Amino acid sequence: MTRDVVRKARLSGERTEDIESLLSSMEADRNIASSDVLVDMAHLVMLTRQQIVHEDHAKTLMKELFYMYESGVPAEAFDPLYEDIHAGIETVLTRKTGGDVGGRLHIGRSRNDEVATCLRIRTRDIILDQLEALTRLRSVLLSVAEDHITTVMPGFTHLQHAQPVTLAHHLLAYEQMFSRDFDRLFDALRRVNCSPLGSAALASTGYPLDRPLTADLLGFDRILENSMDAVASRDFAEETLACDTMLLTNISRFCEELIIWSSAFVQFVNLDDRYCSTSSIMPQKKNPDVAEILRSRAGTVLGSFVSAITIVKGLPMAYNRDLQDLNPHLWRGITGVRRDIDLLAGMIESAEFNLERMAEEAGRGGTTTTELADTLVREFNIPFRTAHHIVGNAVKDGSLDLVTLDRGAEEFYGKTLSSLGVTQESIDSALSVSTSLSVRKLPGGPAPEAVQDALVERRKELEKDIELICDKKTQISASLHELLTQARRIAQL
Ligand code: ARG
């Protein structure tokens, strides 16, 4: 005999374990159990204020809800016999307060708007944690960058030495990427933090519910206007997963570099031991395992995103049970991301960069030949393509001295560089790493002065973002404080 309050009267027949395990969302609902208690409280406050539930009944129910709020949702509510945590909590409340009281909590509500509300609350909280972690990561990147404005290293394209940059410039590239991740998630939050509550099953309800009130009490920015959209849509989950996929893709790229940089070939970085593992057989090994798992995490989250969006694709309006099957993908996708961001921050903060090795490689592999060609253009008025041919030809011949360059100049330009006044000295100066860097001083360039300016701007941006989250968190906790105050009043506690 099923003990589920929802199912009991309408349906008969034992359900097999297979059927129950297929239908139950209990495992995934662990993520929303505490949000469900808040949702119950807000709904009951509103039902009481609207005189839909009598205050005596409300008092008894609210006391039990308070008890759950303070000591946690009891284990019995998670009994796999219940379809989900909503049925579980309602069953426990009804058992404790009796059917005449417990049976009133669900007035004007369906599990459809209830679950959507819980999902949004939990997702919002997870996003806020991620946003905070992103500001910590960005702050680490800015601090480390500040110490390395003149730390030269090669920049790569196609993983081949390309042009000299600085470590600061390289780190600021990532800071910029993570700042966009912040923007995306913060913007997503606007669409996540809306209340479906009061939409009931799909067509709202005839009771005089106060939807803005429950939205306010739960810290939502606004209500979702359309009751069918409110219960049927999961784009808030898809969007969060998409944002996290992009964020983890950026983390993955950074980790890939740390892995390459920490190899014996490259030796640009020595990662702190705590982020590394050794081999059970090869005693010499120090493997960058944390960076490797972080690199793979993007795949996991992308998988969750693809699963989630594929589940929604093709669903007719409004609620369909398929939507329940999306929830585990949502939690699997977004839950570990805060940790991942913090781990990357810790790994960078504790990393030892090998400045000598970076400097050694900065000028290798012809990284400054672009600047040599540019110098021929700027100072000797040679067309860029011709200069590119002259220098490229010298690279092929294996020497960048004046004699070799002159040979190419004759071939591609019809006159020697010497005849134009080019000296070995001017060649050497153009080929120096510091020249190459210092002339690239446009906004966004690697020249130390440009990077200094960028750092100032990035710090300002970061401060603004920190304030944004702070305001959002304050607003939400003020709402929840108000909810608890009103709930306490009703429970007469
Ligand atoms: N556990 C369900 C979910 O996560 C709650 C809604 C169930 N609604 C229904 N009509 N069966 O989607």
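These notes cover the structure that comes with them. Everything quoted here is computed from the prediction, not taken from an experiment. (Residues numbered from 1 in each chain as written. Predicted model: local features only at pLDDT ≥ 70, side-chain atom pairs only at ≥ 80, totals over all residues. Heavy atoms only, no water.)

**Some details on the side chain of D84**
The criterion, for reference: Secondary structure counts use DSSP, requiring at least four H or I residues in a row for a helix and at least two E residues in a row for a strand, with both numbered from the N terminus. In the analysis that follows, any N or O atom pair within 3.5 Å is treated as a polar contact, provided that within protein one partner can donate a hydrogen and the other can accept it, and provided that, for residues neighboring in sequence, both atoms belong to side chains. Contact definition: two residues touch when any of their heavy atoms are within 4.5 Å.
Mapped onto the elements, D84 comes out in the loop between α4 (55-71) and α5 (85-97). Within the structure, D84 has its side chain in polar contact with the backbone nitrogen of A87 (distance 2.9 Å). When sequence neighbours within four positions are dropped, the list of residues in contact with D84 reads S25, M26, D29 and R111.

**Remarks on the environment of E411**
Short version of the rule: Here the term buried applies to any residue with accessible area under 20% of the maximum for its type, exposed to any over 50%, and partly exposed to those in between, with areas from a 1.4 Å probe on protein chains only.
By the secondary structure assignment, E411 is in helix α18 (residues 402-413). Here E411 falls in the exposed class, since its relative accessible area comes to 59%. Residues E411 and L93, 318 residues apart in the sequence, show an inter-C-alpha distance of 91 Å.

**Comments concerning the packing of aromatic side chains**
This is how the line gets drawn: Pairs were defined over the aromatic rings of Phe, Tyr and Trp, the Trp ring being its six-membered one, requiring ring centres within 6.5 Å. Orientation was assigned from the angle between planes: stacked under 30 degrees, edge-to-face over 60, tilted for the rest.
Within this structure, the stated rule accounts for five aromatic pairs. With 6.1 Å between their ring centres and 75° between their planes, F66 and Y69 make a pair best called edge-to-face. On the criterion of helical spacing, the pair formed by F66 and Y69 is a turn pair, its members being three residues apart in helix α4. Judged by relative accessible area, which is 2%, F66 ranks as buried. For the pair W261 and F268, a centre-to-centre distance of 5.8 Å together with 65° between the ring planes defines the contact as edge-to-face.

**Let's talk about unusual backbone geometry**
Geometrically, the link from M317 to A318 is a cis peptide bond, its omega value of -5° lying close to zero. One can find A318 in the loop between α12 (289-312) and α13 (322-334). Its identity as a non-glycine residue notwithstanding, Q267 has a phi of 55°, on the positive side. Tracing the sequence through the fold places Q267 in the loop between α11 (235-261) and β5 (269-270).

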